Amino acid sequence: MDILNTWWTAERLTRNQTEEMKVWLASAAAVLVLLTWLWHRFMAPRKDRAAKVTRWILWCLLGTLCVGAVENYARHDWKYVYQERVDAYDLTHYYLNARYFDELGYFELYPAVLLADLETGGPYYRMPPTVQFQTEERGYYFVEYKDFVKDTSEHERIRALFKSDAQWDQFKHDFTYLQRDVVGFTPETWQQMVWDHGFNGSPTWVMLAKPLAKATPVESVKVLGYTDLMWLLLALGVTAWAFGFEGAGWLLLFLMTTYSMRWPTLTWAFGRYDYVALLIIATGLLHKLKHGWAAAAVALSTAFRVFPAVWLFGPAVKGAVQLGEWAWDKAKKVAQPRPFPVALTKLGGLFFVAHLALWGMVAASFGSTQPIEKHFDNLFEHTTEDNLSSMRQGFAIGTAFLPSEIGESVRFVAKGRPKPNFHHRMNAGRRERIKSQKPWRQPLAITLVLLLGLGLRRKKDHEAFAFGFVPFFLMATASYYYYVVRGTLVAMHAGALHKGRNALGLGMLFAIEALVNWIQQTEKDWRVIQIGWMSWGLILYVAAMVIWLNWESLKVDLERFRARKLAGSEPHSSAAGSGATNASEATASGASDRS
């Protein structure tokens, strides 16, 4: 309870204090989800004054949690968070590399900043014995820092990347401003950066970000941080339009409490939340049946981060099923065949066209397809098992966190705990375990993805789309901050909390956030425990949703089968029979929506 007293009295909260408060906020959100579902289940049918009053009370509670979460994220100091502070670590990658992409490409950022540090009186921070570089031929490799300092030929090569001495001097100025003149780097984060994996922005993102970065002096770099804020505000606006203000409220509450937005802090970085905003926007557009605009949003999100294309899995499966049914009815010469999937065909076709157009613009902008090729080489190298870090999340991370380790972690987090016998962060042994599990883990993941597709075959288009998170979780390993993409699930669940499935799903998502933020405060050095428990929470979420979705879709299929069988036995014309069938199918779909 100390955090509640601190929260009211502190002039500015630390990040740890805000995350401790997130435990309370996310826990309250999970309880409020349950209360909202109970209201829909028992109070809404009454339609009396008590129902209206309790509904207003629930809205006020949601609004109160949103206000508290926004204030908590701002740390009680809006000027500090939204006007003054930037993240020098992230801006070195996404601002500096975008500004000088023509010179640095994907592999020269770290050599250039280390030389700039040397030539301006450095090393400014204590250097580790080795630093990590990358080339297209060698991939990631370590270099002795003392050897780099002495390698004058390498220094000449780096300077030659720049068009003139004046441009090199400008680069040094921009870098040292971020390194030394703003709050951001610490000795620990500097060492972390020189062991990091470099710049991974896609060519499309660079194409659009580079003009902004070039036009913005480093002293005004904070201005670029507001682009992410505008993207997320637009996503919230579309969610309010598509799912109502209550749906937007739940999404805002999630964004302000999720562990995935602890870094980078909103407005402290540049171009770090555009892709997720576009996915949320696409979810709302599909709910409003704006498939063309949704295709454009998904295409741009995919061009920014590649993996958002996975969100089209559900619509693709649903479209294939509908196409098969239409073809079957045509072959059987049914008088009124089931409809051709026009909207989903439009979604897929326009996505493909828009994506090709964006890649064409990239090739024209850079004069070749080389940046695209290098980006994918860099991406594949970055995501191998050998490069897994303790910040990665996914099904593979969960299965590698063994049941015995779960038991040890429970005893460890409890008071009077013994230390676990496993390493507190990702290490070679855990990476090897992830590799060794691949022969059975991947078939299991593929099976779950196929079962998901089976369950989505009768869902609405925006629902099929929002569940694209599931194959992303099952088939990939991505850093925890990319898991803010669960925002598509939050918007979808929150849009229909009268359904038991959505109440369970949204409640589980908030419960996972409460758990992860609690573990962060309890044992923040044991990242393996934190990410392991998050993975297992998401595994339970996936299992619950896959089972429930298939149950719902099976009910629809059974209702449709009975309706078609009944229509076939009626002594009416074929046209009348088909009309009755379609009416019954609509009724069955409606029954599924209410479940």
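Predicted model only: the values in this text are computed from it and were never measured. (Residues numbered from 1 in each chain as written. Predicted model: local features only at pLDDT ≥ 70, side-chain atom pairs only at ≥ 80, totals over all residues. Heavy atoms only, no water.)

(A) View of the nonpolar core. Core analysis: the biggest nonpolar cluster contains 167 residues, and F171, W250 and F467 have the highest contact counts within it. The greatest single-element share of this core, amounting to 11 residues, is contributed by helix α13 (residues 222-257). Apart from residues no more than four positions distant in its own chain, F171 is found in contact with L96, Y100, L104, A112, V113, A116 and F162. (Core = buried A, V, L, I, M, F, W, Y, C linked by side-chain atoms within 4.5 Å. Buried < 20%, exposed > 50% of the residue type's maximum accessible area, 1.4 Å probe, protein only. Helix = DSSP H or I, 4+ residues; strand = E, 2+ residues; numbered from the N terminus. Contact = heavy atoms within 4.5 Å.)

(B) Quick look at the packing of helix α5 (residues 88-99) against helix α10 (residues 165-181). Remark: α5 packs on α10, axes separated minimally by 10 Å, with the N-to-C direction vectors making an angle of 160°. Taken together, the axis directions place α5 and α10 in an arrangement best described as roughly antiparallel. Judged by the sense of rotation from one axis to the other, the crossing of α5 with α10 is right-handed. Where α5 abuts α10, its residues A88, L91, T92, Y95, L96 and R99 lie against Q170, F171, D174, F175 and L178. (Axes fitted to C-alpha atoms, helices over the stretch in contact; angles between N-to-C directions. Parallel < 35°, antiparallel > 145°, perpendicular 65-115°, else oblique. Left-handed = near helix turned anticlockwise from the far one by under 90°.)

(C) Representation of a nonpolar patch on the surface. Nonpolar side chains collect at one region of the surface, where V31, L34, L35, L38 and F42 lie side by side and expose about 440 Å² of accessible area between them. Along the chain, the position of F42 falls in helix α2 (residues 15-43). (Patch = residues over 30% accessible without salt bridge, like charges linked within 9 Å, V, L, I, M, F, W, Y side chains within 5 Å. Areas by Shrake-Rupley, 256 points an atom, 1.4 Å probe, with all protein chains shown as cover. Salt bridge = Lys/Arg side-chain N within 4 Å of Asp/Glu carboxyl O.)

(D) Local environment of the side chain of S301. With respect to the helices, strands and loops of the structure, S301 is situated in helix α15 (residues 291-305). Taking the relative accessible area as the measure of exposure, S301 reaches 0% and is therefore buried. Excluding its chain neighbours within four sequence positions, the residues that come into contact with S301 are Y275, L278, L279, V306 and P308.

(E) Geometry of the packing of aromatic side chains. Overall, the coordinates contain 48 aromatic pairs when judged by the stated rule. Note on F133 and F148: the rings are 5.7 Å apart at their centroids and 75° apart in plane angle, and the pair reads as edge-to-face. Linking F133 in strand β1 (residues 130-135) with F148 in helix α8 (residues 145-150), this pair joins segments that are 15 residues apart in sequence. You can call F133 buried: its relative accessible area is 6%. (Phe/Tyr/Trp six-rings, centres within 6.5 Å; stacked < 30°, edge-to-face > 60°.)

(F) The pattern of salt bridges, seen in detail. Counted by the stated rule, this structure contains 32 salt bridges. R501 is paired through a salt bridge with E552; the nearest N and O atoms lie 3.0 Å apart. On the criterion of sequence distance, the pair formed by R501 in helix α26 (residues 500-522) and E552 in helix α27 (residues 527-569) is long-range, its members being 51 residues apart. A single salt-bridge network, built from bridges that share partners, covers E325, D329, R338, R457, R458 and D557.

(G) View of the environment of H493. You can see H493 is positioned in helix α25 (residues 487-494). Put simply, H493 and G505 are 12 residues apart on the chain and 6.8 Å apart in space, counted from C-alpha to C-alpha. Leaving out residues up to four positions away in the same chain, H493 has contacts with F467, R501, N502, G505, L506, L509, Y541 and M545. Within the structure, H493 has its side chain in polar contact with the side chain of N502 (distance 2.8 Å). (Polar contact = N/O pair within 3.5 Å; in protein donor to acceptor, adjacent residues only side chain to side chain.)

(H) Local environment of unusual backbone geometry. Cis geometry marks the peptide bond from G122 to P123; its omega dihedral reads 10°. Here P123 lies in the loop between α7 (109-119) and β1. With an omega of -10°, the peptide bond running from W263 to P264 counts as cis. Within the fold, P264 resides in the loop between α13 and α14 (274-287). Even without a glycine there, the phi angle at R75 is positive, about 60°. Of note, R75 is situated in the loop between α3 (49-73) and α4 (78-84). The exposure class assigned to R75 is buried, which follows from its relative accessible area of 11%.

(I) Just the environment of D90, in detail. One can find D90 in helix α5. Here the alpha-carbon distance between D90 and A496, two residues 406 residues apart in the chain, equals 37 Å. Setting aside residues no more than four positions away along its own chain, D90 makes contact with Y95, W263, P264, A269, F270 and R272. There is a polar contact of 3.1 Å between the side chain of D90 and the side chain of R272.

(J) Representation of α3 in the model. For α3, which comprises 25 residues, the first-to-last C-alpha distance of 36 Å matches the rise-based estimate of 36 Å (1.5 Å per residue) to within 8%. Where α3 is concerned, the buried positions are A51, R55, L58, L62, L65, C66, G68, A69, V70, N72 and Y73. After α3 finishes, the residue R75 shows a positive phi value of roughly 60°. (Expected span 1.5 Å × (residues − 1).)

(K) Molecular detail of the packing of α14 against α15. Interaxial distance between α14 and α15 falls to 8 Å at its minimum, and their mutual angle equals 160°. Considering their axes alone, α14 and α15 lie roughly antiparallel with respect to each other. In this structure, α14 meets α15 at a crossing whose hand is left-handed. When α14 is examined against α15, the residues D274, Y275, L278, L279, I281, A282, L285 and L286 are found in contact with a partner set consisting of H291, W293, A294, A297, V298, L300, S301, F304 and R305. Of the residues assigned to the contact of α14 with α15, the class counts are 13 nonpolar, two polar and two charged. (Nonpolar A, V, L, I, M, F, W, Y, C, P; charged D, E, K, R; others polar.)

(L) Focus on the pairing of strand β2 (residues 139-144). Judged from the six bridges that link them, β1 and β2 form a sheet pairing that is antiparallel. By the bridge assignment, Q134 is partnered in β2 with Y140. Linkage of β1 to β2, two consecutive antiparallel strands, is achieved through a turn of three residues. (Pairing = 2+ DSSP bridges.)

(M) Here's a closer look at a negative patch on the surface. On the surface, a cluster of negative charge is contributed by E136, E137, E373 and D377. Mapped onto the fold, E137 is located in the loop between β1 and β2. Looking at E137, the relative accessible area reads 70%, which means it is exposed. (Lys, Arg positive; Asp, Glu negative; His and termini not counted. Charge placed at Lys NZ, Arg CZ, Asp CG, Glu CD.)

(N) Representation of the side chain of E325 in the model. Counting through the fold element by element, E325 comes out in helix α16 (residues 313-331). Excluding residues within four positions of it along the chain, E325 makes contact with R338 and R458.

(O) Region of the structure containing helix α20 (residues 403-413). All of the buried residues along α20 are E405, I406, E408, S409, F412 and V413. Viewed along the axis of α20, the buried residues span an arc of 165°, placing them on a single side of the element. (Arc of directions from axis to C-beta.)

Any functional reading would require information beyond the geometric quantities listed.
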